[in-house]
Amino acid sequence: MKDVTFGQYYPVDSFVHKCDPRMKILFLIGYLVAVFLSADFYGLAACAAVLVLCVAFSRVPVKSVLRSVKGVLFLIVFTAILNLLFYRGETTVVIADVPLRWWIFNITVEGIRFMIFVMCRIFMLVMISAVLTLTTTPVSLTDGLESLLTPLKWIRVPVHALALIMSIALRMIPTLMDEIERIMNAQRARGADFSHGGPVKRVKAIIPVLVPLLLSALRRAEELGDAMEARCYTGSRTRTRYKKLTFTWRDLLLALLLAALIAGVVLMNVYLPPIL
Amino acid sequence: MRIRAEHLNYTYNPGTEFAVQALKDVSLTIEEGEFFGVVGHTGSGKSTFIQHLNGLILQPSAQKKYKPKKPKKGAPVPPPSLLHVGDFDLLDKKTDFRALRAKVGMVFQYPEHQLFAETVFDDVAFGLKNFAKEPLKGETVERAVKDALETVGLDYAAIKDRSPFDLSGGQKRRVAIAGVIVTRPEVLVLDEPAAGLDPLGKRELMSLLHRLHADWCKTVVFVSHDMDEVAQNCSRVAVFADGGVKYTLTPRELFSRFGDLEELGLELPAAAKVARLLHEKGIDIESDCTPDGFADAAAAYLSSLRKETPAQPRDGEGGQA
Ligand SMILES: Nc1ncnc2c1ncn2[C@@H]1O[C@H](COP(=O)(O)OP(=O)(O)O)[C@@H](O)[C@H]1O
Ligand SMILES: [Mg+2]
């Protein structure tokens, strides 16, 4: 449970935490649409404003949300550089009478514009996803997904089983993390060294952790299966839920915000003059 | 090696939403040669403390990236912490923690879950090979593994080539303990070594620990839930509560502190329990915590009664304590 912010629930009580997970998932999808519809910086600014609202009303420290961007920083920089160098624009940038064009590289004004766009888009996507996972427990997230995917049940997709598999997997991540730490400590006490030596040595050093970990995962799986069977779990269609998802005024607000964002972006695309 | 801790604090996940202060101002000295018990309710910090003893949990000041912070002006200065095991200073990041681990053996709770190798022999030899400064000769390894397995009460020839996963639960635990003691640590630390064993298994394990203490590891520190186990075996006992050491007692003191112990939600040793019930009925018997000791003290008490009131006429039932 150490440095895995991405997908880690941040337990505080807030407006966003209390929203229905289904609405939050729909909001995420709608937000992605808005980000990609934005043809100019007006639209991006509107999306950014909504993002700021979301972070503010989630009461999660900005630092924790930003930490999830750190994981994809490399991706952002990489795509930015590719776009900068290879975008097929028309007006090459000229600095001190030297056009920035060399071999197959060509830095253009359009390229720079597009690069900024791509960076902003990835950044916002990651941030909004982080807000979702920080404010929604994995269990309610899968509940929401299952509920949203109900139509697939009509064409015989085992949505319920898939959702169950996912929620058990998510539920087990912290348990396995603890387990890994415990086993590593036990082997470290017997002189195992995980942080020195070349790649071959390091891979070899993992075996004494991996074997007990797999065994314990299997043992847990078996126990969980037995426990579920002992409580007569069959995954039948008539199963009812302990926690019912309900829409509230919060979700209505969220829906309105989303509608306003998408409409705003479309209108700005049509009516406002382009920058650059 | 003497173990000395003073004003030790430890917080898991410091500075985050998940911060838990697991140790609060722990001060404790364990002398060389002791058979030392650690008791306390679940979550009282026992495991956190003992994992400090071989550097598996490092204090911030012992971590590689540690930079001393300037103390804030006006803030109260906490008393300086200290943690020494023999000559090792565990608060210093320059300490060689691997060398420390070779001297301080650690048996975790359910140690059988750390077995991994294809044969019992390989598993027991794992620690030996890890700590060796240069590659060991085959016969050296063989002799050490044989000694360790026989000390924990297993038949070397019969078991060395078997898979550790085919053994019974009790055998697995013995193999795991052999894998720790094979390096002949001076201090052996065990976290609830008897957890999940049946009464016979528990008794065998305690006698194994006594054997180890007698001629293998000078100092033995063990965590237990079972007050009787601790009271009957240890030279001294530390009682943990809410992250701190509440008392450090000898078994005899443990016997007479029942009020304090019950307040902490701890089970009394059986002998102390009976003594307390008698105390409520107005009879005071002083003894240690072993059933034998209590029986002796009770017998002495009863025979002294008999001398005081000789040859009473029998009317009705004779009361029995
Ligand atoms: N790896 C960990 N991460 C966070 N908190 C922990 C961790 N290990 C233990 N704790 C917490 O520290 C406290 C002391 O735990 P522990 O030392 O295991 O107690 P004990 O062994 O006496 O039951 C508990 O509140 C526990 O929840
Ligand atoms: Mg413990």
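Bear in mind that the values here come from a model prediction, so they are computed numbers and not experimental data.

1. Quick look at the overall build of chain A
Here is step 1 of the chain: Check the secondary structure of chain A and you find 11 helices and four strands.
Here is step 2 of the chain: Relative to the globule expectation of 19 Å for 276 residues, the C-alpha radius of gyration of chain A, 24 Å, shows a markedly less compact shape.
Here is step 3 of the chain: The principal-axis extents of the C-alpha atoms in chain A amount to approximately 75 × 55 × 40 Å.
Here is step 4 of the chain: Buried residues in chain A amount to 34% of all 276 residues.
Here is step 5 of the chain: Restricting to contacts in chain A with at least 6 residues of sequence separation, those with at least 24 account for 74%.
Here is step 6 of the chain: Counting every atom, chain A has about 17000 Å² of accessible surface; 71% of that belongs to carbon and sulfur.
Here is step 7 of the chain: Of the charged side chains in chain A, 30 are positive and 18 negative, and the gap between their average positions amounts to 3 Å.

2. Let's talk about a nonpolar patch on the surface
All names here are of chain A.
Here is step 1 of the chain: The grouping of Leu-26, Ile-29, Val-33, Leu-37, Val-266, Leu-267, Val-270 and Tyr-271 at the surface amounts to a nonpolar patch, some 740 Å² of accessible area in total.
Here is step 2 of the chain: Considering the arrangement of structural elements, one finds Ile-29 in helix 2 (residues 21-37).
Here is step 3 of the chain: Since its relative accessible area comes to 46%, Ile-29 is described here as partly exposed.

3. Focus: the confidence of the model for chain A
Here is step 1 of the chain: The pLDDT averaged across chain A works out to 86; a share of 97% of its residues lies at or above 70.
Here is step 2 of the chain: Least confident of the elements in chain A is strand 2 (residues 98-99) of chain A, whose mean pLDDT is 72; most confident is helix 2 of chain A, at 93.

4. Concerning the site of ligand 1
All names here are of chain B.
Here is step 1 of the chain: Close to ligand 1 lie Tyr-12, Asn-13, Val-20, Ala-22, His-41, Thr-42, Gly-43, Ser-44, Gly-45, Lys-46, Ser-47 and Thr-48.
Here is step 2 of the chain: Lys-46 places a main-chain nitrogen or oxygen 2.9 Å from an oxygen atom of ligand 1.
Here is step 3 of the chain: Between Thr-48 and ligand 1, the recorded distance is 2.5 Å, taken from a side-chain N or O atom to an oxygen atom.
Here is step 4 of the chain: Here ligand 1 has 560 Å² of accessible area as a free molecule, and 66% of this is covered by the chains.
Here is step 5 of the chain: Only strand 2 (20-30) and helix 1 (46-52) provide two or more residues apiece to the shell around ligand 1.

5. Side note on the interface of chain B and chain A
Here is step 1 of the chain: Taken residue by residue, the interface counts 21 residues in chain B and 19 residues in chain A.
Here is step 2 of the chain: Summing both partners gives a buried area of about 1900 Å² for chain B against chain A, and 60% of it is carried by carbon and sulfur.
Here is step 3 of the chain: The interface formed by chain B and chain A holds one salt bridge in total.
Here is step 4 of the chain: For A:Arg190, the salt bridge goes to B:Asp123, with nearest N and O atoms at 3.0 Å.
Here is step 5 of the chain: Counting every contact that joins chain B to chain A gives six residue pairs in polar contact (both at pLDDT 80 or more).
Here is step 6 of the chain: The set of elements that each furnish at least two residues to the side of chain B that touches chain A consists of helix 2 (97-103), helix 3 (120-131) and helix 6 (169-181) of chain B.
Here is step 7 of the chain: Of the residues belonging to the side of chain B that touches chain A, the class tally is 10 nonpolar, seven polar and four charged.

6. A look at the nonpolar core
Here is step 1 of the chain: By size, the foremost hydrophobic cluster in this structure holds 63 residues, and its most contacted members are B:Val124, B:Val145, B:Leu149 and B:Leu188.
Here is step 2 of the chain: It is helix 6 of chain B that provides the largest number of residues to this core, a total of six residues.
Here is step 3 of the chain: Here this core spans two domains, and each of domain 1 (3-267) and domain 2 (269-309) of chain B adds at least three residues to it.
Here is step 4 of the chain: Among all residues touching B:Leu188, those that are not within four sequence positions of it are B:Gly105, B:Val107, B:Val180, B:Ile181, B:Leu212, B:Cys217, B:Thr219, B:Val220 and B:Val221.
Here is step 5 of the chain: A:Met23, A:Val50, A:Met127 and A:Ala130 belong to the second-largest nonpolar core, a separate cluster that totals 38 residues.

7. Overview of a negative patch on the surface
Here is step 1 of the chain: Among the surface-exposed residues, A:Glu222, A:Glu223, A:Asp226 and A:Glu229 lie close enough to one another that they form a single negatively charged patch.
Here is step 2 of the chain: Its place among the elements puts A:Glu222 in helix 10 (residues 199-230).

8. Section: the domain arrangement of chain B
Residues and elements named next belong to chain B.
Here is step 1 of the chain: Partitioning chain B into structural domains gives domain 1 (3-267) and domain 2 (269-309).
Here is step 2 of the chain: The straight-line distance from the C-alpha centre of domain 1 to that of domain 2 is 35 Å.
Here is step 3 of the chain: Each partner contributes to the interface: domain 1 provides 11 residues, whereas domain 2 provides 15 residues.
Here is step 4 of the chain: Between domain 1 and domain 2, a total of about 1200 Å² is buried, with carbon and sulfur atoms accounting for 65% of that surface.
Here is step 5 of the chain: Considering only the surface of domain 1 that becomes buried against domain 2, Arg-252, Phe-255 and Phe-258 emerge as the three largest contributors, covering 52% of it.

9. Notes on the pattern of salt bridges
Residues and elements named next belong to chain B.
Here is step 1 of the chain: Tallied over the full model, the rule gives 18 salt bridges over all chains.
Here is step 2 of the chain: Here Glu-34 ties to Arg-236 by a salt bridge, and the two come within 2.8 Å at their closest N and O atoms. Note that Glu-34 is positioned in the loop between strand 2 and strand 3 (35-40) and Arg-236 in strand 9 (residues 236-241), a separation of 202 residues in sequence.
Here is step 3 of the chain: Judged by its relative accessible area of 23%, Arg-236 is partly exposed.
Here is step 4 of the chain: Note that Arg-174 and Glu-204 form a salt bridge whose closest N and O atoms lie 3.2 Å from each other. In this pair, Arg-174 sits in helix 6 while Glu-204 sits in helix 7 (residues 199-215), placing the two residues 30 residues apart along the sequence.

10. Overview of the sheet that holds strand 9 of chain B
Residue and element names in this part refer to chain B.
Here is step 1 of the chain: In space, the six strands of this open sheet follow the order 6-7-8-3-9-10, with mixed pairing throughout. Every other strand in the sheet has two partners, leaving strand 6 (104-107) and strand 10 (244-249) as the edge strands with one partner each. Geometrically, the sheet is characterised by an average inter-axis angle of 20 degrees between neighbouring strands, direction not taken into account.
Here is step 2 of the chain: Here strand 9 pairs with strand 10 via five bridges, running antiparallel. Bridging from a neighbouring strand, Phe-240 pairs with Val-245 of strand 10.

11. Brief notes about the sheet that holds strand 1 (residues 3-12) of chain B
Here is step 1 of the chain: Spatially, four strands are ordered 2-1-4-5 (chain B) in an open sheet, and the strand pairing comes out antiparallel. The strands lining the two open edges of the sheet, one partner per strand, are strand 2 and strand 5 (88-89) of chain B.

12. Digging into the packing of aromatic side chains
Here is step 1 of the chain: If you walk through the whole model with that rule in mind, you get nine aromatic pairs over all chains.
Here is step 2 of the chain: Taken together, a centroid distance of 5.1 Å and an interplanar angle of 50 degrees make the contact between A:Phe41 and A:Phe117 tilted. Residue A:Phe41 is found in helix 3 (residues 41-58), and its partner A:Phe117 is found in helix 6 (residues 109-135); the two are separated by 76 residues along the sequence.
Here is step 3 of the chain: Each residue in the set A:Phe15, A:Phe57 and A:Trp249 is aromatic and connected to the rest through ring pairs, giving one cluster.
Here is step 4 of the chain: Lying across the ring of B:Trp216, B:Arg184 places its NZ or CZ 3.8 Å from the centre.

13. Describing helix 4 (residues 62-70) of chain A
Residue and element names in this part refer to chain A.
Here is step 1 of the chain: Taken as a whole, helix 4 has its buried residues at Ser-64, Val-65, Ser-68 and Val-69. Summarising the axial view, the buried residues of helix 4 lie within an arc of 160 degrees, below the 170-degree limit, and thus occupy one face. Set apart from the buried face of helix 4 by more than 90 degrees, the exposed residues are Lys-63 and Lys-70.
Here is step 2 of the chain: Buried residues along helix 4 sit against helix 3, helix 5 (73-86) and helix 6.

Rules behind the numbers
- Residues numbered from 1 in each chain as written.
- Chains lettered and ligands numbered in written order.
- Predicted model: local features only at pLDDT ≥ 70, side-chain atom pairs only at ≥ 80, totals over all residues.
- Heavy atoms only, no water.
- Helix = DSSP H or I, 4+ residues; strand = E, 2+ residues; numbered from the N terminus.
- Rg over C-alpha atoms; globule rule 2.2 N^0.38 Å.
- Buried < 20%, exposed > 50% of the residue type's maximum accessible area, 1.4 Å probe, protein only.
- Contact = heavy atoms within 4.5 Å.
- Areas by Shrake-Rupley, 256 points an atom, 1.4 Å probe, with all protein chains shown as cover.
- Lys, Arg positive; Asp, Glu negative; His and termini not counted.
- Charge placed at Lys NZ, Arg CZ, Asp CG, Glu CD.
- Patch = residues over 30% accessible without salt bridge, like charges linked within 9 Å, V, L, I, M, F, W, Y side chains within 5 Å.
- Salt bridge = Lys/Arg side-chain N within 4 Å of Asp/Glu carboxyl O.
- pLDDT = per-residue confidence, 0-100.
- Near = heavy atom within 4 Å.
- Polar contact = N/O pair within 3.5 Å; in protein donor to acceptor, adjacent residues only side chain to side chain.
- Buried area = accessible area lost by both parts, 1.4 Å probe.
- Nonpolar A, V, L, I, M, F, W, Y, C, P; charged D, E, K, R; others polar.
- Core = buried A, V, L, I, M, F, W, Y, C linked by side-chain atoms within 4.5 Å.
- Domains from an automatic or database assignment.
- Pairing = 2+ DSSP bridges.
- Axes fitted to C-alpha atoms, helices over the stretch in contact; angles between N-to-C directions.
- Phe/Tyr/Trp six-rings, centres within 6.5 Å; stacked < 30°, edge-to-face > 60°.
- Lys NZ or Arg CZ within 6 Å of the ring centre and 35° of its normal.
- Arc of directions from axis to C-beta.

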